[in-house]
Amino acid sequence: MKTQIRALDVGLTSQRLLAVAVLLMVWQLVIWSGSLPSMTPGVPAIATAIAHAFTSTLFWTSLAQTMTAAVSGWLIAVSVGTVLGLVIGSVPILDRSTSILIDFGRSFPVLALMPVVIMLLGATAQMEIFVVSLSCLWPVLVQTIYGARRMDAAVVDTARTFQIPRLLWFRRILLPSATPFISTGVRISASIAILVSVGVEVLSQAPGLGRQITLAQQAQRWDQAFAYLFFAGVVGWGIAGLLNLAEGKILTWNRQTND
Amino acid sequence: MTDTALRTPPRTTAGADTPKTRSARQPAGLRERSRVVKALLNVLQRTWLIAVVFAIWWTASANSTNIFIPSLEDILLSLRRDLANGVIGSGASYSLTNLGAGLLLAVVVGIAGGLVLGETRRLREIVDPVIHFFRSVPQAALVPLIIGAFGIGQGPKIYTIAFACMWPVLLNTIDGVLSVEPTIRKFSKVYRIPAGLHFRRVVLPAALPQIVAGIRVALPIGITVMVVSELFAANKGLGFYILNSSATFQVPETWAGALLVGVVGYILSLLFIVFERRILSWYFKSGAK
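Criteria and cut-off values
Residues numbered from 1 in each chain as written. Chains lettered and ligands numbered in written order. Predicted model: local features only at pLDDT ≥ 70, side-chain atom pairs only at ≥ 80, totals over all residues. Heavy atoms only, no water. Helix = DSSP H or I, 4+ residues; strand = E, 2+ residues; numbered from the N terminus. Buried < 20%, exposed > 50% of the residue type's maximum accessible area, 1.4 Å probe, protein only. Contact = heavy atoms within 4.5 Å. Areas by Shrake-Rupley, 256 points an atom, 1.4 Å probe, with all protein chains shown as cover. Disulfide = S-S within 2.5 Å. Buried area = accessible area lost by both parts, 1.4 Å probe. Salt bridge = Lys/Arg side-chain N within 4 Å of Asp/Glu carboxyl O. Nonpolar A, V, L, I, M, F, W, Y, C, P; charged D, E, K, R; others polar. Patch = residues over 30% accessible without salt bridge, like charges linked within 9 Å, V, L, I, M, F, W, Y side chains within 5 Å. Expected span 1.5 Å × (residues − 1). Bend = angle between axes of the 7 residues up to and from the residue.

Trainee: Can you walk me through the overall build of chain A in this structure?
Mentor: Across its full length, chain A carries eleven helices and zero strands. Ordered by position in the sequence, the α and β elements of chain A form the string α-α-α-α-α-α-α-α-α-α-α. Taking the principal axes of its C-alpha atoms as reference, chain A extends roughly 75 × 55 × 35 Å. Scored against the burial criterion, the 259 residues of chain A give a buried share of 46%. Relative to all contacts within chain A whose residues are 6 or more apart in sequence, the contacts with residues 24 or more apart total 73%. Carbon and sulfur atoms make up 70% of the accessible area of chain A, which amounts to about 13100 Å² in all.

Trainee: Looking at this model, I keep getting lost on the state of the cysteines. Mind explaining?
Mentor: Each disulfide consists of a covalent bond between the sulfur atoms of two cysteine residues. Taken as a whole and judged by the stated rule, the model has zero disulfides over all chains. You can see Cys 136 of chain A has no disulfide; the closest cysteine sulfur is in Cys 165 of chain B, sitting 19 Å from it.

Trainee: Teacher, can you tell me more about the interface of chain A and chain B here?
Mentor: In many reports, interface size means the accessible area that the parts give up when they come together. Contacts between chain A and chain B engage 52 residues on the former and 53 residues on the latter. Buried surface at the junction of chain A and chain B, summed over both partners, amounts to about 4900 Å²; 75% is from carbon and sulfur atoms. Applying the counting criterion to the chain A and chain B interface returns zero salt bridges. Taken together, the elements giving at least two residues each to the side of chain A that touches chain B come down to helix 1 (2-6), helix 2 (10-33), helix 5 (92-106), helix 6 (114-121), helix 9 (166-204), helix 10 (209-218) and helix 11 (222-250) of chain A. In terms of residue class, the side of chain A that touches chain B is built from 33 nonpolar, 13 polar and six charged.

Trainee: Whenever I open this one, the pattern of salt bridges confuses me. Can you help?
Mentor: Within this structure, the stated rule accounts for ten salt bridges over all chains. When the shortest N-O distance is used, the salt bridge between Asp 95 of chain A and Arg 149 of chain A registers 2.7 Å. Residue Asp 95 of chain A is located in helix 5, and its partner Arg 149 of chain A is located in helix 7 (residues 125-149); the two are separated by 54 residues in the primary sequence. Residue Glu 276 of chain B is joined to Arg 216 of chain B by a salt bridge in which the shortest nitrogen-to-oxygen separation is 3.0 Å. Of this pair, Glu 276 of chain B sits in helix 12 (residues 251-279) while Arg 216 of chain B sits in helix 10 (residues 195-232), and the two are 60 residues apart along the sequence.

Trainee: Would you take a moment to explain a nonpolar patch on the surface for this structure?
Mentor: All names here are of chain B. A surface patch of nonpolar side chains, about 490 Å² in accessible area, is lined by Leu 104, Leu 105, Val 108, Val 109 and Tyr 159. The element contributing the most residues to the nonpolar patch is helix 5 (residues 87-119), with four residues. Relative to the elements of secondary structure, Leu 104 occurs in helix 5. The class for Leu 104 is exposed, based on a relative accessible area of 57%.

Trainee: Would you mind showing me how to read helix 5 of chain A here?
Mentor: Structurally, the α-helix is built with 3.6 residues per turn, so residues lying three or four positions apart point the same way. Residues and elements named next belong to chain A. The end-to-end C-alpha separation of helix 5 is 20 Å, in line with the 21 Å expected for 15 residues at 1.5 Å each. Of all the bends in helix 5, the greatest, near 45°, is centred on Thr 98. By the burial criterion, the buried members of helix 5 are Asp 95, Ser 97, Thr 98, Ser 99, Ile 100, Ile 102, Asp 103 and Gly 105.

As structure tokens, then:
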């Protein structure tokens, strides 16, 4: 938000680059000092591996596989989560009945289910999408429920007095008032989607960046493993940044600053 | 367990004022009874769905012929057996020790770093992209690298947990420090409060609610990384129990382990909420949130 305006600041940008350079230098010094195990690659090795990845089709296909799984799981979670959340949040009895189940679900480490899920669905892309959407569901659901709960009493009364049809009420009153909350949930779950999809691939050997990391590590190609890890981080970083921008643009009417 | 579960979400109950006005007119015994009935109804409303889900799972899986979907009865029986003979107990204590140590490390480093970065604006702006990059690195993908480099011992697991949990604590501490009232900050400067005292008495209390919120976010991340680190390579722990059971085709045990991790995660998050209410009681009393 603030950083975006100052991004043009030449002094700050150069200082940031300097900070990165210092970080890389420290890394290289630690490697030279020999306090890390010998297989950890130095900066030049990782840099070459990163450059190399750019020209390899394997990298681009695995990135595409990871992104496909992450995005489809995320979309499923967002659509299911908002609909369910709006219904649950606007019906108090449902809200009370489901509260313990939802609390349980959101604190469940979904990746712990991996062996079970792999048994049931195999190490396939569908399995990955399932696990991603299961992990992404909770932030969207919980945020939407919060949003739907926070209806203004005066608005509720007015809508009831004028006997607004149910569908119109949903679309025009409930959804807009819950949108700031929903968008926070959507943003959180997008970063979760990347983290979980890579995590699933690391554990299950479903195709994608995570699998390449495990394979590279098993083949003792540490420079490659670090390069892929770097790209996984960059993707997550880029998505978080994009969503932040998008949220600022879409919700300019929203006075309340969340997060 | 359920009792705390019921009270934790701070909800405004719609009919909060009705029982009071009614009870004023009723004799003490009746009032007592109507309160009990109300509490029972509340408990019922919150728990019936869980009973239903449990019953459906129990009956639907009772005659399951799919070897990958054992009956719930089998799952619970194997869970009870392994709880009784201590197989799970020793694994759980190993896992939870790692989690506790990793989380503690993350909290110490995260708060210290957050206080420094929150107070120095220039530094914060310079390292901001770096922090956000590290925070976006998939924690689960770090596990093979760190364990591959440092072996399957306890230390690497703790460091991985600490690394993953540090970022929410750090970012929330920074936010908390920034939320210190500017006037108070000026006061502290005008009266030349020593830096140590300023941190301890002004910045830390003001940032505490945010810091605790950050730790609450870090807790499930820590649990996930704990399990993943053991799923990947370990010879002990809850994750190892799950992995080992699935590798030896002990399907009910695999399910039991996964369910247990879920329950442990849930209990830990409930305990944390209790802890949070305790150390932040002054904050909740002040009417915030």
